[in-house]
There are 2 protein chains.
Amino acid sequence: MKRRSVTSHEVARLAGVSQSAVSRCFSPHASISAETREKVLAAARQLGYRPNTIARSLITRSSRTVAVVVSQLDNPFYALTLARASRAFQSEGYHLLLFLVSDDGDTTGVMSEILQSQAEGILMLAASLTTPFAQECVARSIPVVMINRTVDFTGVSQVSSDNYHGGYWAGSYLAGQGHRRMAFLNGLASSSTGAHRRQGFLDALAAQGLECWAEENGEYRFDKAREATRRLFVQPPYPDAVFAANDHMAVAVIETLRAELGLRVPEDVSVIGFDDTPIAAWPSYRLTTIRQPLEDMVAAAAELLLEQMREERLSPVQRILPVVPILRGSVQQRY
Amino acid sequence: MKRRSVTSHEVARLAGVSQSAVSRCFSPHASISAETREKVLAAARQLGYRPNTIARSLITRSSRTVAVVVSQLDNPFYALTLARASRAFQSEGYHLLLFLVSDDGDTTGVMSEILQSQAEGILMLAASLTTPFAQECVARSIPVVMINRTVDFTGVSQVSSDNYHGGYWAGSYLAGQGHRRMAFLNGLASSSTGAHRRQGFLDALAAQGLECWAEENGEYRFDKAREATRRLFVQPPYPDAVFAANDHMAVAVIETLRAELGLRVPEDVSVIGFDDTPIAAWPSYRLTTIRQPLEDMVAAAAELLLEQMREERLSPVQRILPVVPILRGSVQQRY
DNA sequence: ACTGGGATTGCATTCGTATGCAATCGATAC
DNA sequence: GTATCGATTGCATACGAATGCAATCCCAGT
């Protein structure tokens, strides 16, 4: 027996005023006398009335909702990002519609749902957007901000850290520390993030006259990264350093080297990660990594999206935030 | 320049049919001829029409939305739970409205927003509900399912694992392995989960004529757990075992013991966790823990909520799923 | 007492879609 | 050719709240 919810009409009748008066009581800037407000609020309390957001959205044509698309929630970096984003939008009075997608693809169904849902903005975390959908968003003037993923289309805003220079730093640092057999453990082939980190890394090595010793793909997943590590270390000569495209995989590398290969980090193999997740700081790993300015990225993305939703900013922007290397103990100099 | 979205009227005009016909094209069981459908779909495609979910919700009085309230997204267990839950509801055509709350409280504002949002169901992950709100949900017949948290009110459904027996197992196991100075590291004081684990643990010890050697609180947070560990180990005689209320804290204990106290796990101190998060299986920890049947819990919660939303089930239920001890290497027998 | 003007208030309409009902269409059966 | 029945279709209305506009109220100023 679904009971009909209390409507403003019922409150109005009980309070002896018009429905408009009730509505005005719940709008911030409406003109209403203290006396009427009292009566209405009393009636509302008595009936347990709450304005119906859906009806309100329909008439005001604003849902005050943003859709968040995220993959890889098992990666602590994105779990944290989501948490931050949630706070940012909640505090601005927006609701978050959450959509999880699998790493690789088929965002079609999801994007279609988002478009129907009347979300006013879309935040993409580590998830890509197909060009047709990006175009459709632009056509409907629904702002989109992508964090840490790129789309080959200029219509959407993008916030990311400086993946290229992060990778470059990793390459020059390892080279400078005397490593000669550096391996790269990439994430998804489809991720622009990984591609940029890789390119920076390779360029840095090339600048030193070095080449990448080996490359594998761990799909940003722990278990895949472990498998990839085994492939990287099938037979000597082993790599003397591994640069993993994120911390999650870097930790997998360390665990695998220690437990299965009997190799020490950093004595036998140096490891560098990317992200600076909380785990990187744990004493067991002391992972040297490249910090993405999580707070700033989320703040920038939220701010951008809010601006665009408020139509203060019309043109999409691409913001690349600087990355900072965090030197801990997972790299050791070679002689 | 927010452009008005395409409406069913416009599609109707272009297709030369009535608005009703358009509507019927997008409703599954409506009666519509193939010919008309063709025309309408063509027009819709041409205009980029998508039914407006908000208007649809208003008229059908069903939002097909469930609100998920979660705290502790930084705990991988809950990140995973959220991911699973998302899949479960997405596949049933429901949208998820995400609300993050801080561990301790002030769910008031959030609950109030949920009630206004016309969500058809509420899923609470590791977050508590105040009794007045529980009552209000019941009064509005909005089903609520709580995972891993309890409210002192019979109106809402609850799914949890058998925390008491999990704790009991930890107690008897440690006692049986010859430990004599067991410490308990609790989570939030306000969490029923922790309370049950604690009670089971204490009862098991009591059954062996033992008492808990020391107790601390780590609020389910990594850094708090580290601090708590230091307090637990200020001076000898040290505890010879620690039972932590979840894996997240158990790992913090291990890290702290190894890095700061120079103690080995399990040789000097045994550690037991709770949850069986992926990290527990990492070679560095090999954490003996108590597995919560994550999949089953989410499945049960989703199923329960769906049943109640479909009004197939009216009375709330309380479901306690069995827990299974996972023996790894973080406990060693004492003599 | 009367007027002016600002503050409230109510009326009526609007948002975009679903749906009961009646009208219409088409085809089959006689 | 006509009656009949089922399948389509359009009309009109409803969902619940916000808001432009006009009506009303109240009080101050003269």
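Small disclaimer: the values here were computed from a predicted structure and weren't measured.

Things to note about the overall build of chain A
(1) Moving on: When helices and strands are counted, chain A shows 12 helices and 12 strands.
(2) Moving on: Against the globule reference of 20 Å for 335 residues, chain A gives a C-alpha radius of gyration of 26 Å, more extended than a compact globule.
(3) Moving on: Taken over the C-alpha atoms alone, chain A extends approximately 85 × 40 × 35 Å along its principal axes.
(4) Moving on: Residue burial in chain A is summarised as follows: out of 335 residues, 51% are buried.
(5) Moving on: Intrachain contacts of chain A at a sequence separation of at least 6 include 70% that bridge at least 24 residues.

Remarks on the relation of the copies chain A and chain B
(1) Moving on: When chain A is fitted to chain B, the best match, at an RMSD of 0.1 Å, comes from turning it 180° and sliding it 0.0 Å along the axis. Both chain copies can therefore be described as sitting about a two-fold axis. Scanning chain A for the C-alpha nearest the rotation axis identifies A:Leu97, at a separation of 2.3 Å.
(2) Moving on: In this assembly the copies share their binding face: 100% of the residues contributing to the interface of chain A also contribute to that of chain B.

Notes on the domain arrangement of chain A
(1) Moving on: When the domains of chain A are assigned, the result is domain 1 (8-51), domain 2 (61-162 + 294-321) and domain 3 (163-292).
(2) Moving on: Using only C-alpha atoms to locate each centre, domain 1 of chain A and domain 2 of chain A end up separated by 37 Å.

A few points about the interface of chain A and chain B
(1) Moving on: Tallying the contact residues gives 45 residues for chain A and 45 residues for chain B.
(2) Moving on: Of all the elements in the fold, those that place two or more residues in the side of chain A that touches chain B are helix H4 (53-60), helix H5 (76-91), strand E2 (95-100), helix H6 (108-116), helix H7 (131-139) and helix H11 (247-261) of chain A.
(3) Moving on: In terms of residue count, the dominant contributor to the side of chain A that touches chain B is H5(A) (8 residues).
(4) Moving on: Classifying every residue of the side of chain A that touches chain B gives 21 nonpolar, 14 polar and 10 charged.
(5) Moving on: Sheet analysis places E2(A) next to strand E2 (residues 95-100) of chain B, joined by 3 bridges and oriented antiparallel.

Examining helix H12 (residues 294-309) of chain B
Helical geometry note: an α-helix holds 3.6 residues per turn, so side chains three or four residues apart project in the same direction.
Residue and element names in this part refer to chain B.
(1) Moving on: The first and last C-alpha atoms of H12 sit 22 Å apart over 16 residues, in line with the 22 Å expected at 1.5 Å per residue.
(2) Moving on: If you check which residues of H12 are buried, you get Met297, Val298, Ala300, Ala301, Ala302, Leu304, Leu305, Leu306, Gln308 and Met309.
(3) Moving on: Packed against the buried residues of H12 are strand E1 (65-70), helix H5 (76-91), strand E3 (121-125), strand E4 (144-147), strand E5 (157-161) and strand E11 (318-321).
(4) Moving on: Two residues or fewer after H12 comes Glu311, characterised by a positive phi angle close to 65°.

Description of the environment of B:Phe26
Residue and element names in this part refer to chain B.
(1) Moving on: Along the chain, Phe26 falls in the loop between helix H2 (19-25) and helix H3 (34-47).
(2) Moving on: According to the C-beta neighbour criterion, Phe26 is partly exposed, with 19 such atoms within 10 Å.
(3) Moving on: Along the sequence, Phe26 and Asp247 sit 221 residues apart, while their C-alpha atoms lie 48 Å from each other.

Topic: the protein's contact with DNA strand D
(1) Moving on: Surrounding DNA strand D, one finds 30 residues, the nearest of these being A:Thr7, A:Ser8, A:Ser20, A:Ser23 and B:Ser20.
(2) Moving on: Among the secondary structure elements, those contributing two or more residues to the surface near DNA strand D are helix H2 (19-25) and H4 of chain A together with H2, H3 and helix H4 (53-60) of chain B.
(3) Moving on: The element contributing the most residues to the surface near DNA strand D is H4(A), with 5 residues.
(4) Moving on: The residue makeup of the surface near DNA strand D, split by class, is 10 nonpolar, 15 polar and 5 charged.

Quick word on the sheet that holds strand E9 (residues 270-272) of chain A
Residue and element names in this part refer to chain A.
(1) Moving on: Strand order in the open sheet made by the 4 strands is E7-E6-E8-E9, with parallel pairing throughout. The sheet is open, and its two borders are formed by strand E7 (214-217) and E9, each paired with just one other strand. Between one strand axis and the next, the sheet turns by 15° as a mean value, whatever way the strands run.
(2) Moving on: Of the strands in this sheet, strand E6 (182-186), E7 and strand E8 (241-244) are in contact with helix H10 (residues 222-232), which crosses E7 at around 155°.

Comments concerning the nonpolar core
(1) Moving on: With 100 residues, the main nonpolar core has A:Val68 and B:Val68 as its most contacted residues.
(2) Moving on: What A:Val68 contacts, discounting residues up to four positions off in sequence, is A:Leu82, A:Ala85, A:Leu96, A:Leu97, A:Leu98, A:Phe99, A:Leu123 and A:Leu125.
(3) Moving on: By size, the runner-up hydrophobic cluster in this structure holds 45 residues, among which are A:Tyr173, A:Val251, A:Ile279 and A:Val331.

Some remarks on the UniProt feature "domain: HTH lacI-type" (unreviewed entry) in chain A
(1) Moving on: UniProt records the feature "domain: HTH lacI-type" (unreviewed entry) for residues 6-60 of chain A in the present numbering.
(2) Moving on: Helix makes up 67% of residues 6-60 of chain A and strand makes up 0%, while its end C-alpha atoms are separated by 20 Å.

A short note on the sheet that holds strand E4 (residues 144-147) of chain A
(1) Moving on: Here we have 12 strands laid out as an open sheet, ordered E11(A)-E5(A)-E4(A)-E3(A)-E1(A)-E2(A)-E2(B)-E1(B)-E3(B)-E4(B)-E5(B)-E11(B), and mixed in their pairing. Each edge of the open sheet carries a strand with a single partner, namely strand E11 (318-321) of chain A together with E11 of chain B. Adjacent strand axes in the sheet meet at a mean angle of 20°, parallel and antiparallel pairs treated alike.

Calculation criteria
- Residues numbered from 1 in each chain as written.
- Chains lettered and ligands numbered in written order.
- Predicted model: local features only at pLDDT ≥ 70, side-chain atom pairs only at ≥ 80, totals over all residues.
- Helix = DSSP H or I, 4+ residues; strand = E, 2+ residues; numbered from the N terminus.
- Rg over C-alpha atoms; globule rule 2.2 N^0.38 Å.
- Buried ≥ 20, exposed ≤ 12 C-beta atoms within 10 Å, placed from the backbone.
- Contact = placed C-beta atoms within 7 Å.
- Least-squares fit on C-alpha atoms with pLDDT ≥ 70 in both.
- Domains from an automatic or database assignment.
- Nonpolar A, V, L, I, M, F, W, Y, C, P; charged D, E, K, R; others polar.
- Pairing = 2+ DSSP bridges.
- Expected span 1.5 Å × (residues − 1).
- Near = placed C-beta within 6 Å.
- Axes fitted to C-alpha atoms, helices over the stretch in contact; angles between N-to-C directions.
- Core = buried A, V, L, I, M, F, W, Y, C linked by C-beta atoms within 7 Å.
- UniProt positions renumbered as here; feature names shortened; annotations may be inferred.

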